[in-house]
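Below, each chain spelled out in residue letters.
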Amino acid sequence: MIQVQIKRTSDGKVHSFTMNGHADFADRGKDLVCAGVSAVAFGSLNALMKLTGIEPEIEQSEGGFLKCTLPGNLSEKEEEQAQLLLEGMIVSLETIEQDYSQYIQLTFQK
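Residues numbered from 1 in each chain as written. Predicted model: local features only at pLDDT ≥ 70, side-chain atom pairs only at ≥ 80, totals over all residues. Heavy atoms only, no water.

Asks: Please provide a residue-by-residue account of the overall build of the chain, values included.
Replies: Regarding its fold elements, the chain presents two helices and five strands. For 110 residues, the compact-globule estimate of 2.2 N^0.38 gives 13 Å, and the chain sits close to it at 14 Å. When its C-alpha atoms are laid out on the principal axes, the chain stretches across 45 × 25 × 20 Å. Split into buried and exposed, the 110 residues of the chain put 35% on the buried side. Residue pairs at least 24 apart in sequence account for 55% of intrachain contacts in the chain once pairs closer than 6 positions are excluded. Accessible surface, the chain: about 6,700 Å² in total, of which carbon and sulfur atoms supply 49%. In the chain, which carries 9 positive and 16 negative side-chain charges, the distance between the mean positions of the two groups comes to 2 Å. (Helix = DSSP H or I, 4+ residues; strand = E, 2+ residues; numbered from the N terminus. Rg over C-alpha atoms; globule rule 2.2 N^0.38 Å. Buried < 20%, exposed > 50% of the residue type's maximum accessible area, 1.4 Å probe, protein only. Contact = heavy atoms within 4.5 Å. Areas by Shrake-Rupley, 256 points an atom, 1.4 Å probe, with all protein chains shown as cover. Lys, Arg positive; Asp, Glu negative; His and termini not counted. Charge placed at Lys NZ, Arg CZ, Asp CG, Glu CD.)

Laid out in structure tokens, this is it:
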């Protein structure tokens, strides 16, 4: 199962997210859940960096691990843009979770 943990600040803004695990929906290379989750996450990160110029701290490994943390020194405009893109990512992941809840789980922390 893919575990996605979203960490929010006390005022509800996304501070970081971590993804870990494998969906195991199908064989490697044919796993639609894994491909969908990966496309949403990496597409969102690429959009964040290219469209806003923000360079988040990113950690990843081949074992299905990805962690992204926003820098703490964002301008108000950058923060607003980053939040919109990350909230869009969350909506997309929740949509996948609705249909494939046995393969992906989102949790939220403050």
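Asks: Tell me about the sheet that holds strand β5 (residues 104-109), and please be specific about residues and values.
Replies: An order of β3-β4-β2-β1-β5 is seen for the five strands of this open sheet, with the pairing classed as mixed. Sheet topology places β3 (57-61) and β5 at the edges, where each strand pairs with a single neighbour. Looking at each pair of strands side by side, their axes are set apart by 10 degrees on average, direction ignored. In this fold helix α1 (residues 32-52) packs onto β1 (2-8), β2 (14-20), β3, β4 (65-69) and β5, with an angle of close to 30 degrees to the strand it touches most, β4. Across the sheet, helix α2 (residues 76-99) lies against β1, β2 and β5, angled at about 140 degrees from β5, the strand it touches most. (Pairing = 2+ DSSP bridges. Axes fitted to C-alpha atoms, helices over the stretch in contact; angles between N-to-C directions.)

Asks: Please provide a residue-by-residue account of the nonpolar core, values included.
Replies: Membership of the largest hydrophobic core comes to 27 residues, with the highest contact counts inside it found for V4, F17, M19, V37, L93 and I104. Taken together, the elements giving at least two residues each to this core come down to β1, β2, α1, β4, α2 and β5. When neighbours within four sequence positions are excluded, M19 is seen to be in contact with Q3, V4, V37, A41, G64, F65, L66 and L93. (Core = buried A, V, L, I, M, F, W, Y, C linked by side-chain atoms within 4.5 Å.)

Asks: Can you explain the packing of aromatic side chains? Please cite residues and give values.
Replies: Two descriptors summarise a pair of aromatic rings, namely the distance from one centre to the other and the angle between the planes of the rings. Taken as a whole and judged by the stated rule, the model has two aromatic pairs. Plain terms: the ring middles of F25 and Y100 are 5.5 Å apart, the flat faces sit at 85 degrees to each other, and that makes the pair edge-to-face. Of this pair, F25 sits in the loop between β2 and α1 while Y100 sits in the loop between α2 and β5; the two residues are 75 residues apart in sequence, bridging distant segments of the chain. Measuring from ring centre to ring centre gives 5.1 Å for F25 and Y103, while their planes differ by 90 degrees; the resulting arrangement is edge-to-face. You can see F25 sitting in the loop between β2 and α1 and its partner Y103 sitting in the loop between α2 and β5, a full 78 residues away along the chain. A residue is classified by how much of its surface remains accessible, and F25, at 32% relative accessible area, is partly exposed. Grouping aromatic residues by their ring pairs yields a cluster made of F25, Y100 and Y103. (Phe/Tyr/Trp six-rings, centres within 6.5 Å; stacked < 30°, edge-to-face > 60°.)

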